[in-house]
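A structural walkthrough
Read off the chains here:
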Amino acid sequence: MSIRSLIASVLAVLSAGTVALVATSSTSAATAADRGRRAQPPLVIGHRGASAHRPEHTLLSYEAAIAMGADYIEPDLVSTGDGVLVARHENEISQTTDVAGRPEFAARHTTKTIDGRQVTGWFTEDFTLAELKTLRAKERVPDLRPDNTAFDGLAEIPTFQEVVELALRHGVGVYPETKHPTYFDSIGLSLEEPLLETLERNRVREAYIQSFETANLRELSRRTRLPLIQLIGASGAPYDWAAAGDGRTYDDMVTPAGLREVAKYADGIGVDTRRVLPVDAGGRTGEPTTLVRDAHRARLDVHVWTVRNENSQLPADYRLGDPASPAHPRATGDVMGFLARMLELGVDGAFCDDPAMGRAVIARHTR
């Protein structure tokens, strides 16, 4: 038995005693029908690895996600100045590396316009891969995840090639996101070609490719048979639409007509959880939308992001503990109950900061 199979078995046993407290037994016929459309359980996607436990987008984080039972690990991809794809949440790296404390790179501190917004800091495209490899990763949100700071300074910035090799070695999939594709195109560092070249050279068969923009996904749909995921924010619009003067927004994308249009080039949507289960002004969940049903009717899978452990990252009615405690914002809330609700609504996968928690809930849900 592999380590992942063993972990999945243990989590399934544990979930019988824990998740049963949060998973309700009543399920509508429509939701059951939605679940029946899939031949496999919903996916656990390790969001930036296991970012609840290790600094995000490091091999430490991806290795932890694999050990916790993730089906896919998710690298956000940006480019170096010499055209190598690396895993960072943003191309601005002052929050996720020690670059600000490195005097040899002080002169590269600058301000750029990224997707119409001014950003100040240090940017991957101003470094070669060799230079980036001298930096060390650190926890992006230390106030929220102070335990992760124990790993600061231990990990390099990984290349996409290194992430792919890790995934293949352990038999899991990769779920890369192209970050700011319009911007990178504008500076001559297109992301799509090296992305496909890496996947093809390594003969990767288990992969999804995701983007918040649309034009690059349309281009990719003509060049690969790998499934594509249109990311949809809770508000705003794809930047390529805004840059072209197109007045449509993500709200237009989630209508039945909008979903049918997405289905012409993508295989699924990756949506903010609030698109499925809205929250009111007080942060409490309300009645679910019809998005999952509408997407399934358009033959689109639905993956939700992001299921996070901390009270401050959960709807108000899924928070636990004493709100007056200084530790309350970072304390673990009823994340199992929240994910169980998503599964009841028929989602096909979830991006989880804690893949072990996701695996336990899904194991219970699919028994």
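The shown structure was predicted, so the numbers you read here are calculated from the model rather than taken from an experiment.

Section: the pattern of salt bridges
Overall, the coordinates contain 27 salt bridges when judged by the stated rule. Residue D76 pairs with R48 through a salt bridge whose shortest N-O separation is 4.0 Å. Placement of D76 in strand β3 (residues 76–79) and of R48 in the loop between β1 (43–46) and α3 (59–67) is noted, with a sequence separation of 28 residues between them. The exposure class assigned to D76 is buried, which follows from its relative accessible area of 1%. On the accessibility criterion, R48 (7% relative accessible area) is buried. Here D353 ties to R308 by a salt bridge, and the two come within 2.9 Å at their closest N and O atoms. One end of the pair, D353, is in the loop between β13 (349–352) and α15 (355–365); the other, R308, is in the loop between β12 (301–307) and α14 (335–344), and 45 residues separate them in sequence. This pair shows no difference in class: D353 is buried, exactly as R308 is. In this structure, a network of salt bridges that share partners links the residues R48, E56, D76 and R140.

Things to note about the packing of α14 against α15
Between α14 and α15, the shortest axis-to-axis distance is 10 Å and the interhelical angle comes to 50°. The orientation of α14 with respect to α15, classified from their angle, is oblique. α14 and α15 meet at a crossing whose hand is right-handed. In this structure, α14 contributes V335, M336, L339, A340, L343 and E344 to the contact, and α15 contributes M357, G358, V361, I362 and H365. Of the residues contributing to the contact of α14 with α15, the split by class is 8 nonpolar, 2 polar and 1 charged.

Notes on the environment of I66
Inspection of the secondary structure puts I66 in helix α3. Overall, I66 belongs to the buried group, its relative accessible area being 3%. Each C-alpha atom, one on I66 and one on G173, is 9.8 Å from the other, the two residues being 107 residues apart in sequence.

Focus on the confidence of the model for the chain
If pLDDT is low for a region, its predicted coordinates should not be looked at in detail. Taken over all residues, the pLDDT of the chain has a mean of 92, while the share at 70 or more is 89%. For the stretch residues 5–36, pLDDT sits under 50, and the model shows 41 contacts to residues farther than four places along the chain or on other chains.

Description of the environment of D251
With respect to the element layout, D251 can be found in helix α10 (residues 250–253). Owing to a relative accessible area of 45%, D251 belongs among the partly exposed residues under this scheme. Here R275 takes part through its side chain, which lies 2.8 Å from a polar atom of the side chain of D251.

Quick notes on the packing of aromatic side chains
Counted under the stated rule, the structure contains 9 aromatic pairs. Between Y72 and Y208 the ring centres are 5.2 Å apart and the planes differ by 65°, which places this aromatic pair in the edge-to-face class. Taken together, the positions of Y72 in strand β2 (residues 72–73) and Y208 in the loop between α7 (192–201) and β9 (209–211) put the pair 136 residues apart, joining distant regions of the chain. Each member of the pair, Y72 as well as Y208, carries the same accessibility label: buried. Note on F105 and F127: the rings are 5.0 Å apart at their centroids and 70° apart in plane angle, and the pair reads as edge-to-face. Of the two residues, F105 sits in the loop between β4 (85–87) and β5 (110–114) while F127 sits in the loop between β6 (117–121) and α4 (129–132), which places them 22 residues apart along the sequence. Taking the relative accessible area as the measure of exposure, F105 reaches 6% and is therefore buried. You can call F127 buried: its relative accessible area is 1%. Directly above the aromatic system of F127 lies the positively charged group of R108, at a separation of 5.0 Å from the ring centroid. Positioned above the aromatic ring of W241, the side-chain terminus of R248 is 4.0 Å from the ring centre.

Some remarks on helix α5 (residues 160–170)
Looking only at α5, the buried set comprises F160, Q161, V163, V164, L166 and A167. Taken together, the buried residues of α5 touch α3, β2, β3, β4, β7 (173–174) and α7. In the segment just after α5, G171 is the residue with positive phi, at about 75°.

Re the layout of surface pockets
Its boundaries defined by the atoms lining it, the largest pocket holds a volume of some 780 Å³. What lines the largest pocket is a set of 36 residues, and nearest its centre among them are H89, E90, K179, H180 and F212. Of all the secondary-structure elements, those providing two or more residues to the lining of the largest pocket are β6, β8 (177–178), β9 and β12. In terms of residue class, the lining of the largest pocket is built from 12 nonpolar, 12 polar and 12 charged. Looking at the second largest pocket, its volume works out to about 290 Å³. Elements supplying a minimum of two residues to the lining of the second largest pocket: α12 (273–276) and β12. Here the lining of the second largest pocket is built from residues that sort into 6 nonpolar, 5 polar and 4 charged.

So, the packing of α5 against α7
The N-to-C vectors of α5 and α7 enclose an angle of 30°; their axes lie 10 Å apart at closest approach. Judged by the angle between their axes, α5 and α7 are roughly parallel. When the axes of α5 and α7 are compared, the crossing they make is right-handed. Mapping the contact onto sequence places F160, Q161 and V164 in α5 and L195, T198, L199 and R201 in α7.

Conventions we followed
Residues numbered from 1 in each chain as written. Predicted model: local features only at pLDDT ≥ 70, side-chain atom pairs only at ≥ 80, totals over all residues. Heavy atoms only, no water. Salt bridge = Lys/Arg side-chain N within 4 Å of Asp/Glu carboxyl O. Helix = DSSP H or I, 4+ residues; strand = E, 2+ residues; numbered from the N terminus. Buried < 20%, exposed > 50% of the residue type's maximum accessible area, 1.4 Å probe, protein only. Axes fitted to C-alpha atoms, helices over the stretch in contact; angles between N-to-C directions. Parallel < 35°, antiparallel > 145°, perpendicular 65-115°, else oblique. Left-handed = near helix turned anticlockwise from the far one by under 90°. Contact = heavy atoms within 4.5 Å. Nonpolar A, V, L, I, M, F, W, Y, C, P; charged D, E, K, R; others polar. pLDDT = per-residue confidence, 0-100. Polar contact = N/O pair within 3.5 Å; in protein donor to acceptor, adjacent residues only side chain to side chain. Phe/Tyr/Trp six-rings, centres within 6.5 Å; stacked < 30°, edge-to-face > 60°. Lys NZ or Arg CZ within 6 Å of the ring centre and 35° of its normal. 1 Å grid on protein atoms, 1.4 Å probe; cavity = no way out; pocket = protein on both sides within 12 Å on 5 of 7 lines; lining within 4 Å. Points joined across faces, edges and corners; volume = space filled by probe spheres on them.

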